[in-house]
Amino acid sequence: MLKVQSLAKTFELSMTGQMKIRPFRDLSFEVGRGQFLGIAGPSGIGKSSILKCVYRTYLPTAGSILYDSELYGELDLAQATERQIVHLRRAEISYVTQFLKVIPRIPALDVVAERLLLRGATMEEARVQAQDMLQRLNIPQDLWSAFPATFSGGEQQRVNLARALIARPRLLILDEPTASLDHDTTLKVLQLLNEMKEQGTTMIGVFHDWDVMGRVADDILDLRIWQASQNAAETEQIPAAR
Ligand SMILES: Nc1ncnc2c1ncn2[C@@H]1O[C@H](COP(=O)(O)OP(=O)(O)OP(=O)(O)O)[C@@H](O)[C@H]1O
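As the structure is a prediction and not an experimental result, all values here were calculated from the model.

Asks: Just give me the short version of the site of the ligand, but keep the residues and values in it.
Replies: Contacts to the ligand come from Phe11, Ile21, Pro23, Gly41, Ser43, Gly44, Ile45, Gly46, Lys47, Ser48 and Ser49. Those elements that provide at least two residues to the shell around the ligand are strand 2 (20–31) and helix 1 (47–55). Here the element with the most residues in the shell around the ligand is helix 1; it accounts for 3 residues. When its residues are assigned to classes, the shell around the ligand shows 4 nonpolar, 6 polar and 1 charged.

Here you go:
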């Protein structure tokens, strides 16, 4: 479903002249349909940047991201046009972070329902499903008609999740989706994610808590181990000094 080959990202910091940051290069991994790949590693190693390359918020510097899409068949997300990316995001790829970005003064219910409206649902159908999703994520009914900009961090995060999950995406990218949630709500989120996996959603994500990640991930890409093997391979290639 998702096959990443020799992926690299370099950031050039123009403010500091020639300085470059290369969080990763020659990174390869695969995720099967309905599988969850967790990405782990210390802060700054490149976890979020990998997710952003897959979602195409960042354009990779090298490598390919082969995705088996419903809209276009197999497609390299690293090479896809902006137009294709917009269509894929609308129809089948969702991305959740802990930060909610919404247009001000739109009630929570409509923020969540919007995704279904974009896919052709009627307002009534979309609102019924949005109510169901908000309920499942423990958002009290009093808040459904309030504006998410005023919500607590955890409430905003749940609206974010509701918005992504309601769309039943084919590919779901999660960056610390439970960072501000309490234990009970985290368990509800994990239950929803596991249900979606059973229905065929493929997922790739970062969780700050290994225990939480272990409850949903089928496989874990540990970037610390990957980096160590890269360094070892590079050392082997350096010819011995004579
Ligand atoms: N837009 C950007 N411009 C310049 N450098 C960036 C950019 N995005 C990320 N970086 C750098 O790339 C490296 C990897 O960042 P990234 O956010 O992917 O790490 P992370 O493993 O997700 O970290 P954390 O666990 O702290 O969120 C960092 O050194 C970061 O400063």
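Asks: Tell me about the sheet that holds strand 7 (residues 171–175), residues and numbers included.
Replies: Within the open sheet, the 5 strands sit side by side as 6-7-8-3-9. Their pairing is parallel. This sheet does not close on itself; its edge strands, each paired only once, are strand 6 (93–96) and strand 9 (219–222). Between one strand and the next, the sheet's axes are offset by a mean angle of 15 degrees, whatever the strand orientation. Sheet analysis places strand 3 (residues 36–40) next to strand 8 (residues 202–206), joined by 3 bridges and oriented parallel. Within the sheet, the bridge partner assigned to Phe36 lies in strand 8 and is Met203.

Asks: An account of the confidence of the model for the protein chain is requested, with residue identities and associated values reported.
Replies: Summarising the model, the protein chain shows a mean pLDDT of 90, and 95% of its residues fall at 70 or more. What the predictor reports for the complex is a pTM of 0.91 with an ipTM of 0.97.

Asks: Residues and numbers for the pairing of strand 7, please.
Replies: Taken across its 5 residues, strand 7 has 5 buried, putting it largely inside the fold. Burial along strand 7 is two-sided: Leu171, Ile173 and Asp175 facing one way and Leu172 and Leu174 facing the other are all buried. In this structure, strand 6 lies alongside strand 7, joined through 4 bridges in parallel fashion. Residue pairing for strand 7: Tyr95 is matched across the bridge by Ile173. Examined bridge by bridge, strand 7 and strand 8 share 5 bridges and lie parallel to one another. Note on strand 8: the bridge partner recorded for Leu172 is Met203. Regarding topology, helix 6 (residues 183–198) serves as the crossover connection from strand 7 to the parallel strand 8, and that connection is right-handed.

Asks: For the sheet that holds strand 4 (residues 62–69), give the residues involved together with the corresponding values.
Replies: Strand order in this open sheet of 4 strands is 2-1-4-5, and the pairing throughout is antiparallel. At either margin of the open sheet sits one strand with a lone partner, and together these are strand 2 and strand 5 (73–76). Looking at each pair of strands side by side, their axes are set apart by 25 degrees on average, direction ignored. Here strand 1 (residues 2–12) pairs with strand 4 via 5 bridges, running antiparallel. Across the sheet, residue Leu2 finds its bridge partner in strand 4, namely Tyr67.

Asks: A description of unusual backbone geometry should follow, citing residues and the corresponding values.
Replies: One non-glycine residue with positive phi stands out, namely Asp26, at about 55 degrees. Along the chain, the position of Asp26 falls in strand 2. Accessibility expressed as a C-beta count within 10 Å gives 14 for Asp26, which makes it partly exposed. A positive phi angle, near 65 degrees, is found at Asn138, a position not held by glycine. Secondary-structure assignment places Asn138 in the loop between helix 4 (123–136) and helix 5 (153–166).

Asks: Describe the environment of Val212, naming the residues involved and giving the relevant values.
Replies: Tracing the backbone through its elements, the reader meets Val212 in helix 7 (residues 210–214). The class of Val212 is buried, set by 20 C-beta atoms lying within 10 Å. Separated by 34 residues in sequence, Val212 and Thr178 have C-alpha atoms that sit 8.8 Å apart. For Val212, the contacting residues outside a window of four places in its chain are Thr178, Thr186, Leu190 and Phe207.

Asks: Residues and numbers for the packing of helix 3 (residues 108–118) against helix 4, please.
Replies: Where helix 3 contacts helix 4, the two axes come as close as 8 Å, and the packing angle between them is 120 degrees. The angle between helix 3 and helix 4 places the two elements in the oblique class. At the point where helix 3 passes helix 4, the crossing takes the right-handed sense. Counting all contacts with helix 3, which are made through Ala108, Leu109, Val112, Ala113, Leu116 and Leu117, the residues of helix 4 involved are Met123, Glu125, Ala126, Arg127, Gln129, Ala130, Gln131, Met133 and Leu134.

Asks: Describe the packing of helix 3 against helix 5, naming the residues involved and giving the relevant values.
Replies: Direction vectors running N to C along helix 3 and helix 5 enclose 25 degrees, while the axes themselves pass 8 Å from each other. With respect to each other, helix 3 and helix 5 are oriented roughly parallel. In the packing of helix 3 onto helix 5, the handedness of the crossing is right-handed. Contacts between helix 3 and helix 5 pair Ala108, Val111, Val112, Arg115 and Leu116 from the former with Val159, Ala162, Arg163 and Ile166 from the latter. Along the lines of polarity and charge, the residues of the contact of helix 3 with helix 5 split into 7 nonpolar, no polar and 2 charged.

Conventions we followed
Residues numbered from 1 in each chain as written. Predicted model: local features only at pLDDT ≥ 70, side-chain atom pairs only at ≥ 80, totals over all residues. Near = placed C-beta within 6 Å. Helix = DSSP H or I, 4+ residues; strand = E, 2+ residues; numbered from the N terminus. Nonpolar A, V, L, I, M, F, W, Y, C, P; charged D, E, K, R; others polar. Pairing = 2+ DSSP bridges. Axes fitted to C-alpha atoms, helices over the stretch in contact; angles between N-to-C directions. pLDDT = per-residue confidence, 0-100. Buried ≥ 20, exposed ≤ 12 C-beta atoms within 10 Å, placed from the backbone. Right-handed = clockwise from strand over helix to strand, strands pointing away. Contact = placed C-beta atoms within 7 Å. Parallel < 35°, antiparallel > 145°, perpendicular 65-115°, else oblique. Left-handed = near helix turned anticlockwise from the far one by under 90°.

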